[in-house]
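# Structure at a glance
Okay, here's what each chain looks like letter by letter:
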Amino acid sequence: MTRAARRLACTIAAIAAALVLAGTSLAGGAPAIGWRLVDTRPHDPTAFAQGLVRYGEVLLEGTGACCPGGTVPSTVRRVDARTGEVLDRRVIPLPLWAEGVTVLRGTAWHLTFYDGVAFSFSPATLEQASRVDYPFRGWGLTVHGGRLLASDGTSRLRWLRVPELRVTKSVVVRDAGRPVAGINELEMLGGVLWANVWPSDRIALIDPASGQVRAWLDLSSLRRRVQGDVDVLNGIARDPVTGHVVVTGKFWNRMFVIRLTEPVPSASR
Ligand SMILES: [Ca+2]
């Protein structure tokens, strides 16, 4: 399948999903809050970004095959956080489709979309260490409370105990009482869960204990700063030194460093 055909298939899938999501509007209770662009950095425009996390001086990124039947294999890669240079990559053989990536206690993990299998690997060498089955679709992945925290493309979040990936807790993400579907790439920052919401260029800021959306970030203006035939915003990585956040998107030729300009409202508002 050509890239154009894959893009068309993805667009059709996004429209279908948007129709499904119409009953769970993202507009509603939680307010949009302000943010500021701090820096702009290069990003591989061939990367269909699925997961992003900072590890030391590098970013670990998972890239997907873009739609069932795609012929471009997924990868996990080490990316220079400043220059965007791809330092190393490991190909995930088709038909596996890599999704969210994170690091827990020195071990990296990535999920797969349809395949019900996760892999642990070295964040330093990308060498695969283990393969573990799990019974749901894999989308975003981060760490919370000493466990992996995963999304599956619906409104549900699951906490997974390693190494067997047993589900120990789950919550439904809601805004104004309504489930928010399409929860995708994840990142924990200061007790707040940041989540890309597919297929949009918005990020939900979520109370992980209750699943309540505390605020929204509208980053649609960033898509206008990237060049080429691009897909949605996806990929969130916290910089542990500055506290800033790196975001990018699928086939985006830029990463953007942003910071909030106002506090995240209380979960109990
Ligand atoms: Ca992330």
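Only a predicted model underlies this, so the values are computations on that prediction, with no experimental measurement involved.

Taken together, the six bridges between strand β12 (residues 156-161) and strand β13 (residues 166-172) define a ladder with antiparallel strand orientation. Note that in β13 the partner of Leu160 across the bridge is Val167. Between β12 and β13, which pair antiparallel and follow one another directly, the connecting turn spans four residues, one of which, Leu165, has a positive phi of 60°.

Bridge count for strand β7 (residues 107-112) against strand β8 (residues 117-121) is three bridges, and the pairing is antiparallel. In the sheet register, Ala108 faces β8, and the bridge partner there is Phe121. Here β7 folds back onto β8, and the loop between the two strands holds four residues, one of which, Gly116, carries a positive phi near 65°. In the sheet, β8 pairs with strand β9 (residues 128-133) via five bridges, with the strands oriented antiparallel. Directly across from Ala118, in β9, lies its bridge partner Val132. The antiparallel pairing of β8 with β9 creates a hairpin that spans six residues between the two strands, and Leu126 there sits at a positive phi of about 70°.

Below, the discussion takes up the nonpolar core. Among the nonpolar cores identified, the biggest contains 60 residues, and Leu52, Ala195, Ala204, Leu205 and Val213 are the most heavily contacted of them. Those residues in contact with Leu205 that lie beyond four places of it in its chain are Val192, Trp194, Val213, Arg214, Ala215, Leu217 and Val264.

Along the chain, Thr142 falls in strand β10 (residues 141-144). Of the residues examined, Thr142 has 28 C-beta atoms within 10 Å and is grouped as buried. Sequence-wise, Thr142 and Ile236 are 94 residues apart; in three dimensions their C-alpha atoms are separated by 10.0 Å. Beyond its immediate stretch of four places on either side in the chain, Thr142 contacts Thr102, Leu149, Leu186, Glu187 and Met188.

Read from one edge of the open sheet, four strands run β2-β3-β4-β5, paired in antiparallel fashion. The sheet is open, and its two edges are formed by β2 (49-55) and β5 (86-92), each paired on a single side. Each strand axis lies, on average, 15° off the axis of its neighbour in the sheet, ignoring direction. The pairing of β2 with strand β3 (residues 58-63) spans six bridges and is antiparallel. Bridged to Leu52 within β3 is Glu61.

About the thresholds
- Residues numbered from 1 in each chain as written.
- Predicted model: local features only at pLDDT ≥ 70, side-chain atom pairs only at ≥ 80, totals over all residues.
- Pairing = 2+ DSSP bridges.
- Helix = DSSP H or I, 4+ residues; strand = E, 2+ residues; numbered from the N terminus.
- Core = buried A, V, L, I, M, F, W, Y, C linked by C-beta atoms within 7 Å.
- Buried ≥ 20, exposed ≤ 12 C-beta atoms within 10 Å, placed from the backbone.
- Contact = placed C-beta atoms within 7 Å.
- Axes fitted to C-alpha atoms, helices over the stretch in contact; angles between N-to-C directions.

Read these as geometric descriptors, not functional statements.
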